[in-house]
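An overview of the molecular structure
Residues per chain, in single letters:
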Amino acid sequence: MRSASEFRRTIRSGVRAGRSSVVVSAYRADPQADGVRVGFVVSKAVGNAVTRNRVKRRLRHLCRPLVEPTPQGTWVVVRALPPAADAGPELADDLAGAWRTCLKRLAQRTGVTA
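Throughout what follows, the structure given in this document is the object of discussion. (Residues numbered from 1 in each chain as written. Predicted model: local features only at pLDDT ≥ 70, side-chain atom pairs only at ≥ 80, totals over all residues. Heavy atoms only, no water.)

**Points about the pairing of strand S1 (residues 15-18)**
Residues Val15 and Ala17 of S1 are buried on one face, while the alternating residues Arg16 and Gly18, pointing to the opposite face, are not. In this sheet, strand S2 (residues 22-28) lies alongside S1 in antiparallel orientation, the contact comprising four bridges. Paired with Arg16 across the two strands is Ser25, which belongs to S2. Hairpin connection between S1 and S2: a loop of three residues separates the two successive antiparallel strands. (Buried < 20%, exposed > 50% of the residue type's maximum accessible area, 1.4 Å probe, protein only. Helix = DSSP H or I, 4+ residues; strand = E, 2+ residues; numbered from the N terminus. Pairing = 2+ DSSP bridges.)

If you want it as structure tokens, here you go:
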């Protein structure tokens, strides 16, 4: 996901689930579209540029196995919170838990399951 309008639509019109280190937002954009689009938001509150890029790389790596069971045409935004900079293995648990909760809420809203 690259454009600001896609991020905005996902965050404002989609469903959200949060944990201590991340907030995940999901939006059912187009059921006919191929693939799942994922975007990351890592603000300066997380740390300096090196820290932000490290957090973004970790999140990107942790999202890969979560994308496959996600319904096609879904947009997902992962927003890192400041505790993500110091998070260890719990970052994976926070991301997976928030992702699953978000998809459940999206399924309840749209009626589409994985």
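Further notes follow.
**A short note on the pattern of salt bridges**
Enumeration over the complete set of coordinates arrives at one salt bridge. A salt bridge links Arg37 to Glu6, with the shortest nitrogen-to-oxygen separation between them at 2.5 Å. A residue pair is termed long-range when its members are at least 10 positions apart, and Arg37 in strand S3 (residues 37-42) and Glu6 in helix H1 (residues 4-13) qualify at 31 residues. Accessibility expressed as a relative area gives 14% for Glu6, which makes it buried. (Salt bridge = Lys/Arg side-chain N within 4 Å of Asp/Glu carboxyl O.)

**What to know about the nonpolar core**
Grouped together as the largest cluster of nonpolar side chains are 27 residues, with contacts concentrated most on Val24, Val38, Leu59, Val76, Val78, Leu95 and Trp99. When contributions to this core are tallied by element, the ones reaching two or more residues are S1, S2, S3, helix H2 (49-67), strand S4 (74-80) and helix H3 (90-110). Beyond its immediate sequence surroundings of up to four residues, Val76 is in contact with Met1, Thr10, Val24, Ser25, Ala26, Val36, Arg37, Val38, Gly39 and Trp99. Core analysis: the second largest hydrophobic core is formed by five residues, Met1, Phe7, Tyr27 and Trp75 among them. (Core = buried A, V, L, I, M, F, W, Y, C linked by side-chain atoms within 4.5 Å. Contact = heavy atoms within 4.5 Å.)

**Some words on the packing of H2 against H3**
Axis separation between H2 and H3 bottoms out at 10 Å; the angle between their running directions is 45°. Taken together, the axes of H2 and H3 lie oblique to each other. For the pair H2 and H3, the sense of crossing is right-handed. Residues Arg58, Leu59, Leu62, Cys63, Leu66 and Val67 of H2 form the contact with H3, whose participating residues are Leu91, Ala92, Leu95, Ala96 and Trp99. Of the residues contributing to the contact of H2 with H3, the split by class is ten nonpolar, no polar and one charged. (Axes fitted to C-alpha atoms, helices over the stretch in contact; angles between N-to-C directions. Parallel < 35°, antiparallel > 145°, perpendicular 65-115°, else oblique. Left-handed = near helix turned anticlockwise from the far one by under 90°. Nonpolar A, V, L, I, M, F, W, Y, C, P; charged D, E, K, R; others polar.)

**Digging into H1**
Listed as buried for H1 are Glu6, Phe7 and Thr10. Seen end-on, H1 carries its buried residues on one side only, within an arc spanning 100°. (Arc of directions from axis to C-beta.)

**A word on the environment of Arg54**
Position of Arg54 among the secondary structure elements: in helix H2. In the structure, Arg54 is positioned 24 residues away from Val78 in sequence and 14 Å away in space, judged by C-alpha atoms.

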